[in-house]
Amino acid sequence: IVRRPLGQLAKASAALAGGDFAHALPPVGNDEVGQLIASFAGMRAAVERSQHDLKREIAERRKAEEESSVANARFRFLVEQSLVGFYILQEGKVAYANPYLLERIGGNDEDIGKPVREWIYPDDWPLVEENIRKRTDGEVSRIHYSFRLLAKDGSPVEVDALGMVTEYDGKPAIIGVMLD
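Structural notes, computed from the coordinates. Here the residue numbering is sequential within each chain, running from 1 through the sequence in written order. This being a predicted model, a pLDDT of at least 70 is required before a residue's local features are given, and a value of 80 or more before pairs of side-chain atoms are given or counted; all residues contribute to the totals for chains, interfaces and linings. Here the side-chain values reflect all heavy atoms present in the structure, with hydrogen atoms and water set aside.

Concerning the pattern of salt bridges
The condition that has to hold: Any Lys or Arg side-chain nitrogen found within 4 Å of a carboxyl oxygen on Asp or Glu counts as a salt bridge. In this scheme, a residue with accessible area under 20% of its type's maximum is buried, one over 50% is exposed, and one in between is partly exposed, where area comes from a 1.4 Å probe on protein chains only.
Throughout the structure, instances matching the rule amount to 13 salt bridges. The closest approach of N and O atoms between Asp111 and Lys114, which form a salt bridge, is 3.1 Å. Overall, Asp111 belongs to the buried group, its relative accessible area being 4%. Three or more residues are tied together by salt bridges with common partners; here these are Glu130, Arg133, Asp137 and Glu139.

Details of the pairing of strand β1 (residues 85-90)
Defined as follows: Each helix is a run of DSSP H or I of at least 4 residues and each strand a run of E of at least 2, with the numbering of both proceeding from the N terminus. At least two bridges found by DSSP between two strands is the condition for calling them paired.
Taking burial as the measure, the six residues of β1 include five buried ones, the bulk of the element. Here β1 pairs with strand β5 (residues 171-179) via five bridges, running antiparallel. Looking at the pairing, Gly85 lines up with Met178 of β5. Relative to strand β2 (residues 93-97), β1 runs antiparallel, the two being bridged by four bridges. Directly across from Gln90, in β2, lies its bridge partner Lys93. Turn length for the β1-β2 hairpin, with the two strands adjacent in sequence and antiparallel, is two residues, and the turn residue Glu91 shows positive phi of about 55°.

Below you can see the structure in the form of structure tokens.
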């Protein structure tokens, strides 16, 4: 009366541990063994639902990551191939400049991470510094102005800049575009 249902319950438990949710259970009676079987059946159903929900969540997350990856690739392609200079300033340094902007000053990837001041024509640094301060201090959220970048050969490169404060990699930053 007890040993056979408990043996079947033990087999169902081992099957559940292996991911088999369909292993037959003994019939539920009105005694303590029946209550144990009913409790096990409820637990097994809850585990099966949780596993199903987890698989669905993982599939949804994977799909969202794939869609995000495609969108990021498209955005990166547009920025990298653009005929407009894109930049990100953070903590007083140039955190990002697209190839077009680097080309305009005769620079390369080694210039990323250098202080902003090294990118600016010396006579225009006070103007640029003040406009960076205005954005970072919250006086303005966006600003549009003209100044000169400093090319690697020492010549000025006139640009119009439009930038705004944002967050990049969890830290405050200024993002913007520069036009010849």
